Amino acid sequence: MNNISKVILVVILFITFSIPAFAVDLELNTKQDFIIPGSGFYRFSDSANEEIKSLLKENKSVAIIITTFNGGKLRIAPAADNHETGKKKTISGPTSLVLGFKRGGKRYGLSFVPKGSATIGIEIQPFAGRPCQAPVNCQDSCGDNLGKCCEKDTNGNQSKICVSVGTSSCGCAKR
């Protein structure tokens, strides 16, 4: 191997290992399976980022539904512009949790800090959460009502939210 070939090989290896393996863009309301090779910021896709920005004006809570998980413990936190912006939650298996995002970021996403590498099946849903003033009918405006309260308990707190059912309809479900 001559010197030019060695230099090209080193440059290719440097570029390959400099680009994060976690370049997966996160989507909303879509189950995604991927590998988390190490700690990092996993950004929302362009369309999901714009939707999150819009939804944060109304409510800062987002439901994270972990459908499958293989690995050690994993810390998840809301993030914006490559920095954690809220409380970390630790998971060790399938679960649902709520993260509170802060407004004002340009690029939103999640911070993952695994103990070792992990594989995960995740769905991220806008979540109206907390007190429920006036429940909505999910079918009235499916896209606009995702994550909004559709049923409250006797104390006036949310008990169910609007979720996607199939590709074009919504239903009221407990999360």
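This text follows the structure it describes.
Thresholds applied
Residues numbered from 1 in each chain as written. Predicted model: local features only at pLDDT ≥ 70, side-chain atom pairs only at ≥ 80, totals over all residues. Heavy atoms only, no water. Helix = DSSP H or I, 4+ residues; strand = E, 2+ residues; numbered from the N terminus. Contact = heavy atoms within 4.5 Å. Patch = residues over 30% accessible without salt bridge, like charges linked within 9 Å, V, L, I, M, F, W, Y side chains within 5 Å. Areas by Shrake-Rupley, 256 points an atom, 1.4 Å probe, with all protein chains shown as cover. Salt bridge = Lys/Arg side-chain N within 4 Å of Asp/Glu carboxyl O. Lys, Arg positive; Asp, Glu negative; His and termini not counted. Charge placed at Lys NZ, Arg CZ, Asp CG, Glu CD. Disulfide = S-S within 2.5 Å. Pairing = 2+ DSSP bridges. Axes fitted to C-alpha atoms, helices over the stretch in contact; angles between N-to-C directions.

## Description of the overall build of the protein chain
- Across its full length, the protein chain carries three helices and 12 strands.
- Relative to all contacts within the protein chain whose residues are 6 or more apart in sequence, the contacts with residues 24 or more apart total 59%.

## Some thoughts on a positive patch on the surface
- On the surface, Lys-57, Lys-60, Lys-102 and Arg-103 cluster together to form a positively charged patch.
- With respect to the helices, strands and loops of the structure, Lys-60 is situated in the loop between helix 2 (46-56) and strand 3 (61-70).

## Describing the state of the cysteines
- According to the stated counting rule, one finds two disulfides in the structure shown.
- The side chain of Cys-132 participates in a disulfide bridge whose partner is Cys-149; the two sulfur atoms lie 2.0 Å from each other. Around the S-S axis, the bridge from Cys-132 to Cys-149 shows a dihedral of about -95° and counts as left-handed. Remark: Cys-149 occurs in strand 10 (residues 149-152) and Cys-132 occurs in the loop between strand 9 (118-126) and helix 3 (142-145); sequence separation between them is 17 residues.

## So, the sheet that holds strand 1 (residues 32-36)
- Sheet architecture is open: four strands sit in the order 1-9-3-7, paired in antiparallel fashion. Strands with a single pairing partner mark the edges of an open sheet, and in this sheet they are strand 1 and strand 7 (95-100). Strand-to-strand twist across the sheet, computed as the mean angle between neighbouring axes with direction ignored, equals 35°.
- The pairing of strand 1 with strand 9 spans five bridges and is classified as antiparallel. Within strand 9, the residue paired with Gln-32 across the bridge is Ile-122.

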